[in-house]
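A look at the structure
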Amino acid sequence: MSIVCGTDLSAASAGALEVARALAAQRGDRDVILVHVIDSPDGSAPSDLMAAARAGLDAQAAVPGTVAVRTELVVGSPDEALVGFAETDGSDLVVIAARSTGGSLLRLGSTAERVIQRTHVPVLVIREAAPWLAWANGERPLKVMIGIDDSATSDMAIQWTQQLRRRGPVDVVLGAIYYPDETAERYGLPPCGPVDLDPELEKLLARDLLKRFGETAGIGIDDRQDDTAIARPRRGLGRIGDHLVELAREDKVDAIVVGTSQKTGLNRLGSVSSIIVHDAPESVICVPPNAVVATAAVPSLRSVLVATDLSAFANRAVPYAFTLAPSIGAVHLVHVIKDDAEAEAAELAKALRALVPTGATQTVQTHVVRGDDAAAAIAQIGARLGVDVICVASHGRSGISRALVGSVADRLLRVTRLPVLVLRPAS
């Protein structure tokens, strides 16, 4: 793997090259590819312009450093050239300097923006080199914020950050913007006001952010104490991107890591990543959805929820839940009854307890919950309990029966954000 650094031969680009070389040295890379592109639609440029560009490129590469610089001078489209070099050379990072627009805020230049939109490789946009250099030299931790939502691109951003942590101490802020009504419904809690803070809701969100990142508060990867992660859920009242930029400023982070959806056309205008790369005064790392990012944090299954209607077939899912949960983990046995049903909760809990396999060492809790929508009730209690996976049996209805009665398992797959193990009937 190698790092590609795009340059326009400016002082800002020289700073980006310095960061690229420091990161390459930290990783043990042999060299950095420094690319300057003369923008020309027809692929041609005057000889004097080529000579001047070559001289400037060689001068920038000649600055002493621990990693060699391989220079490439290209005539053509800057974004196409940078993306092409990154992909053909097997690079795993593109480093570009942000361009100043003359004000106090640095905004992204059009070339960098197009690269982010097109590349399959993560892009680091440098707005201040000093924090990266100090971190790469072992002088201080780097502080980054990950903008997290429910998308798979956020998982890519998390894994990229975990990889970064393997090379040095990184303090992480997990930033997530939530809207009270839909979040309260997700956890099965009473709705709260649009402007009122709900401590219970934010506590659940913080717990789930830390679990998604793969650690507990204050403990870094491999249980190191030299880097930390904190969760910062924030109620949303406007654009998510604006909230995340504000949150990054409040926490004084050095960089924001965000997954990019790489939308096109009008869909791009309001995207979270687009707002962040345009408006954040910090460096920004954009991780595209199809980037090759090695898995650094493997999800663990510590707690399992198994739901049963207490029928013979549904009860067969219970042993699978104990198989998924480790011996020191927790299993939650759940039974859902209609809101208006007359039932004795204690007797139902006793029936659930009787399903526990002999010799099980897991912690077991039983839950009898009410709800006319069984799938929603299961999803909500799973979210509140913070389980890692849900286990259910599907009765395997089909055709008219399925259309009229519906499938709890099928609906559960649509309403929950958790992994679901579905036990199918024998064919």
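Going by the structure above, here's the rest.
Residues numbered from 1 in each chain as written. Predicted model: local features only at pLDDT ≥ 70, side-chain atom pairs only at ≥ 80, totals over all residues. Heavy atoms only, no water.

Re the pattern of salt bridges
Applying the stated rule across the entire model yields 21 salt bridges. Of the charged contacts in the structure, one is a salt bridge between Arg114 and Asp79, with a shortest N-O distance of 3.1 Å. Residue Arg114 is located in helix H4 (residues 110-118), and its partner Asp79 is located in helix H3 (residues 78-88); the two are separated by 35 residues in the primary sequence. Relative accessible area serves as the criterion here: at 34%, Arg114 is assigned to the partly exposed category. Here Asp254 makes a salt bridge to Arg140, at a shortest N to O gap of 2.3 Å. One end of the pair, Asp254, is in the loop between helix H9 (240-250) and strand S11 (255-259); the other, Arg140, is in the loop between helix H5 (130-136) and strand S8 (142-147), with 114 residues separating them in the sequence. Given a relative accessible area of 13%, Asp254 falls into the buried group. By sharing partners, the salt bridges in this structure join Arg232, Arg234, Glu246, Glu250 and Asp251 into a single network. (Salt bridge = Lys/Arg side-chain N within 4 Å of Asp/Glu carboxyl O. Helix = DSSP H or I, 4+ residues; strand = E, 2+ residues; numbered from the N terminus. Buried < 20%, exposed > 50% of the residue type's maximum accessible area, 1.4 Å probe, protein only.)

Topic: the nonpolar core
In terms of nonpolar packing, the biggest core is built from 53 residues, with Leu124, Trp132 and Ile146 touching the most fellow members. Considering every element that reaches this core, the biggest residue donor is helix H1 (residues 11-27), with seven residues. Discounting chain neighbours no more than four positions away, the residues touching Ile146 are Ala157, Ile158, Thr161, Val172, Val173, Leu174, Gly175, Phe213 and Val257. In this structure, Val115, Val121, Ile177 and Ile276 belong to the second largest nonpolar core, which totals 33 residues. (Core = buried A, V, L, I, M, F, W, Y, C linked by side-chain atoms within 4.5 Å. Contact = heavy atoms within 4.5 Å.)

Details of the sheet that holds strand S13 (residues 303-307)
Each strand in a sheet pairs with its neighbour through backbone hydrogen bonds, running either in the same direction (parallel) or in the opposite one (antiparallel). A sheet is described by the order of its strands in space; here five strands give the open sequence S15-S14-S13-S16-S17, paired in parallel fashion. Of all the strands in the sheet, the pair left with one neighbour each is strand S15 (363-370) and strand S17 (420-423). Across the sheet, the axes of successive neighbouring strands diverge by a mean angle of 20°, strand direction being ignored. Alignment of S13 against strand S14 (residues 330-337), held across five bridges, turns out to be parallel. Within S14, the residue paired with Val306 across the bridge is Leu333. Strands S13, S14, S15, strand S16 (389-393) and S17 of the sheet are contacted by helix H12 (residues 317-324), whose axis makes an angle of about 155° with S16. Contacting S14 and S15, helix H13 (residues 345-353) runs over the sheet at an angle of about 140° to S15. (Pairing = 2+ DSSP bridges. Axes fitted to C-alpha atoms, helices over the stretch in contact; angles between N-to-C directions.)

Things to note about the sheet that holds strand S1 (residues 3-6)
Reading across the sheet, the 10 strands line up as S3-S2-S1-S4-S7-S12-S11-S8-S9-S10 and stay open at both edges, with mixed pairing between neighbours. Strands with a single pairing partner mark the edges of an open sheet, and in this sheet they are strand S3 (68-76) and strand S10 (229-235). Looking at each pair of strands side by side, their axes are set apart by 20° on average, direction ignored. Bridge analysis of strand S7 (residues 123-126) against strand S12 (residues 283-287) gives three bridges, and the strand direction is antiparallel. Residue pairing across strands places Val125 opposite Val284, the latter belonging to S12. Against the sheet, H1 makes contact with S1, strand S2 (31-39), S3, strand S4 (93-97) and S7, and its axis sits at roughly 175° relative to S1, the strand it touches most.

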